[in-house]
Amino acid sequence: MTGISTHVLDTSLGHPAAGVPVELARRTEDGWQVLGTSVTDSDGRVSDLPAVAAGSVVRLLFDTGAYHAPASAGPPFFPEVSIVFTVAPEQDHYHVPLLLNPFGYSVYRGS
């Protein structure tokens, strides 16, 4: 089993993005099976998602609309961010940070 964690940073404000809902799901023949949900803490981190089986294709779904809504005059440009990746058999853990601003985002495989 492989652990998954994430960290969301608001690059427009220069601080962690607290309160972002995050969903972890695994791809199945019938679509996406939700494995767990969480919310980023005051440091923008989520570390309580369930471990996943090696070889799985998984998705981290960030509800960025909920995060941006209080500061936005209209609907957010990116209401959600979906990150899909394959869990390699030799990996014990993946850390997948999201750098976020109202009109763009970037993601990478962290350590």
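Each remark here, short or long, concerns the structure printed above.
Residues numbered from 1 in each chain as written. Predicted model: local features only at pLDDT ≥ 70, side-chain atom pairs only at ≥ 80, totals over all residues. Heavy atoms only, no water.

A. How the structure looks around the pattern of salt bridges. Counted under the stated rule, the structure contains two salt bridges. Ionic pairing is found between Glu23 and Arg59, a salt bridge with its closest N-O pair at 3.0 Å. Linking Glu23 in strand β3 (residues 21-28) with Arg59 in strand β6 (residues 57-62), this pair joins segments that are 36 residues apart in sequence. In this structure, Glu23 and Arg59 share a single accessibility class: buried. Residue Asp43 is joined to Arg45 by a salt bridge in which the shortest nitrogen-to-oxygen separation is 2.9 Å. Judged by relative accessible area, which is 35%, Arg45 ranks as partly exposed. (Salt bridge = Lys/Arg side-chain N within 4 Å of Asp/Glu carboxyl O. Helix = DSSP H or I, 4+ residues; strand = E, 2+ residues; numbered from the N terminus. Buried < 20%, exposed > 50% of the residue type's maximum accessible area, 1.4 Å probe, protein only.)

B. Looking closely at the side chain of Ser38. The residue Ser38 is located in strand β4 (residues 31-39) in this model. A distance of 2.6 Å separates the side chain of Ser38 from the side chain of Asp48, its partner in a polar contact. (Polar contact = N/O pair within 3.5 Å; in protein donor to acceptor, adjacent residues only side chain to side chain.)

C. Representation of the nonpolar core within the structure. Counting 22 residues, the largest nonpolar core has Ile4, Leu60, Phe62 and Phe85 as its most contacted members. When residues of this core are traced back to their parent elements, those giving at least two are β1 (3-10), β3, β6, β7 (81-86) and β8 (93-101). The contacts of Ile4, once residues within four sequence positions are left out, are Leu24, Leu49, Val52, Leu60, Phe85, His93 and Tyr94. (Core = buried A, V, L, I, M, F, W, Y, C linked by side-chain atoms within 4.5 Å. Contact = heavy atoms within 4.5 Å.)

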